[in-house]
Amino acid sequence: LILFAFFPPPPLLLQIKKQQQDVLGFLEANKIEFEEKDIAANEENRKWMRENVPEDSRPASGNPLPPRLFNDSRYLGDYEAFFEARENNAVYAFLGLTAPPGSKVGVYISHSKP
């Protein structure tokens, strides 16, 4: 299983950099296999990410900003969705993965943003 996380090096904003580090740190610490995609230097990656973020997950104006997480081609969510799943001990379910034995697992419930 490969998780696609899109990151723009160098980071465009300090907030994006912190979010990237948070996602990467979690994936690495939990030995979750992933593939990092550069959207700053690779137009094809940028185009793919923009085309594959669902309409209801796009900002009101402009393009979706990273980090965005995908499981193969299935869109999982943005940083806020990842953070909420992690806070609810439901990140494995959010990522579409089976939690390792002994880990805390919850049920991920999505909600609409106002």
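The structure this text deals with has already been given above.
Residues numbered from 1 in each chain as written. Predicted model: local features only at pLDDT ≥ 70, side-chain atom pairs only at ≥ 80, totals over all residues. Heavy atoms only, no water.

Colleague: Sorry if this is basic, but what is going on with the overall build of the protein here?
Modeller: A tally of regular secondary structure across the protein gives four helices and four strands. Listed N to C, the secondary structure of the protein is β-α-β-α-β-β-α-α in terms of helices and strands. Taking all 114 residues of the protein together, the buried fraction comes to 36%. Across the protein, the fraction of contacts at a sequence separation of at least 24, relative to all contacts at a separation of at least 6, is 53%. (Helix = DSSP H or I, 4+ residues; strand = E, 2+ residues; numbered from the N terminus. Buried < 20%, exposed > 50% of the residue type's maximum accessible area, 1.4 Å probe, protein only. Contact = heavy atoms within 4.5 Å.)

Colleague: In this structure, what is going on with the nonpolar core? I would like to understand it.
Modeller: The tendency in soluble globular proteins is for nonpolar side chains to be buried as a group. Core analysis: the largest hydrophobic core is formed by 15 residues, its most contacted members being I32, F82, F94 and L95. Going through the elements one at a time, α1 (14-29), α3 (79-87) and α4 (91-95) are the ones with two or more residues in this core. (Core = buried A, V, L, I, M, F, W, Y, C linked by side-chain atoms within 4.5 Å.)

Colleague: Just checking my understanding: could you explain the pattern of salt bridges for this structure?
Modeller: Pairing between side chains of opposite charge can happen when their charged atoms approach one another. Taken as a whole and assessed by the stated rule, the structure comprises five salt bridges. In this structure, D22 and R86 form a salt bridge, with 2.6 Å as the shortest nitrogen-oxygen distance. Remark: R86 occurs in helix α3 and D22 occurs in helix α1; sequence separation between them is 64 residues. Between R58 and E55 there is a salt bridge whose closest N-O contact spans 3.6 Å. (Salt bridge = Lys/Arg side-chain N within 4 Å of Asp/Glu carboxyl O.)

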